[in-house]
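For reference, the chains in residue letters:
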Amino acid sequence: MKNSIETNDKGSQKILEINNLHKRYNEGKTNEVHALRGIELTVHKGDMMAIMGPSGCGKTTLLNMIGHLDRRSAGDITIDGVDTLTLSDGQMTAFRRDNIGFIFQLFNLFPFLTAVENVETPLLLTGMNAGLAREQAKMLLRELGMGDRLYHLPTELSGGQQQRVAVARALINQPAIILGDEPTGDLDSTTSGNIMDLFRRINKINHQTFVLVTHNRWIAEKCDYIVHMTDGKISGIEENPLIRRQTKR
Ligand SMILES: Nc1ncnc2c1ncn2[C@@H]1O[C@H](COP(=O)(O)OP(=O)(O)OP(=O)(O)O)[C@@H](O)[C@H]1O
Ligand SMILES: [Mg+2]
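Worth saying up front: this structure is predicted, and the values here are computed from it rather than measured. (Residues numbered from 1 in each chain as written. Chains lettered and ligands numbered in written order. Predicted model: local features only at pLDDT ≥ 70, side-chain atom pairs only at ≥ 80, totals over all residues. Heavy atoms only, no water.)

A separate point is unusual backbone geometry. Even without a glycine there, the phi angle at Q174 is positive, about 50°. Notably, E182 is not glycine yet its phi reads approximately 50°, a positive angle. Among the structural elements, E182 can be located in the loop between β8 (177-181) and α6 (189-206). The class for E182 is buried, based on a relative accessible area of 15%. (Helix = DSSP H or I, 4+ residues; strand = E, 2+ residues; numbered from the N terminus. Buried < 20%, exposed > 50% of the residue type's maximum accessible area, 1.4 Å probe, protein only.)

Next up, the structure:
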């Protein structure tokens, strides 16, 4: 079984390199789970990658490791040339904020902030002028069909609407890497399609990189690559012949 994966864009810049990544939960205890078992993965700038695999195979764990939301047990992760083990906790927090956008399985919206306030928060954290941040947040929410829900709290929104707020919040400050755990999971196929089209547009314009976990083959087929995971390992990679540019960069 193939377990070393590199996408084919040899000429383009590596945005993410993962070497021999392991994650054990409850390490050393009787209930230890060896969730990631030697992941090798290279992603180039501007790739759109889908990760598929059965429930429990380690997809969310892998995203959490890439996003540095949890500690790895072993292995190296290099993001945009930076070996992240060299960063202090404080440096990592700033690095994550500036480079990585997250769309979680559970939306993790701030419950006491309205839709537009949730979306503008990352911009305000970078020190952007409040009026400008508000305008940009409104524009993106309108693009996601949320123009008439700008001032609603998360509890006043449907699941799919909350998901669109979470998508907008992840995209608003144009991070180099966007990590999505079932980013279109609860949405109907039209809205899912719109969000994938938005991702692709952003990907083309800004060369932002997407790593998206999905159970949905139709969503995965909108990406450049489909990475298959089984039992904490990468078991194969498909290049999407329909989407991928014919000539390699
Ligand atoms: N905090 C944790 N403590 C202990 N074990 C965990 C923890 N989180 C995940 N696991 C275990 O690690 C393995 C991988 O879990 P993970 O959530 O990454 O799977 P997944 O591929 O995202 O599954 P799904 O498609 O159901 O979301 C599973 O066996 C899971 O039970
Ligand atoms: Mg998961």
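Summed over all chains, the structure comprises 1 aromatic pair. Taking the ring centre of F110 as reference, the NZ or CZ of R169 above it sits at 5.1 Å. (Phe/Tyr/Trp six-rings, centres within 6.5 Å; stacked < 30°, edge-to-face > 60°. Lys NZ or Arg CZ within 6 Å of the ring centre and 35° of its normal.)

Here we take up the layout of surface pockets. Within this model, the largest pocket holds a volume of roughly 460 Å³. What lines the largest pocket is a set of 16 residues, among which R97, I100, F102, P122 and R169 lie closest to the centre. Contributing elements (two or more residues each) for the lining of the largest pocket: α2 (89-99), β7 (100-103), α3 (115-125) and α5 (159-171). Split into classes, the residues belonging to the lining of the largest pocket amount to 8 nonpolar, 5 polar and 3 charged. Reported here for the second largest pocket is a volume of approximately 360 Å³. Contributing to the lining of the second largest pocket are 14 residues, with L140, E143, L171, Q174 and I202 lying nearest its centre. Among the elements of the structure, α4 (130-143) and α6 are those that each provide at least two residues to the lining of the second largest pocket. (1 Å grid on protein atoms, 1.4 Å probe; cavity = no way out; pocket = protein on both sides within 12 Å on 5 of 7 lines; lining within 4 Å. Points joined across faces, edges and corners; volume = space filled by probe spheres on them. Nonpolar A, V, L, I, M, F, W, Y, C, P; charged D, E, K, R; others polar.)

As a matter of local geometry, ligand 1 sits amid 14 residues, with S55, G56, K59, T60 and T61 nearest to it. T61 places a polar side-chain atom, nitrogen or oxygen, 2.6 Å from an oxygen atom of ligand 1. Notes on ligand 1: free accessible area 640 Å², of which the protein chains cover 63%. No other element matches helix α1 (residues 59-66), which puts 3 residues into the shell around ligand 1. Class assignment for the residues of the shell around ligand 1 results in 5 nonpolar, 8 polar and 1 charged. (Near = heavy atom within 4 Å. Polar contact = N/O pair within 3.5 Å; in protein donor to acceptor, adjacent residues only side chain to side chain. Areas by Shrake-Rupley, 256 points an atom, 1.4 Å probe, with all protein chains shown as cover.)

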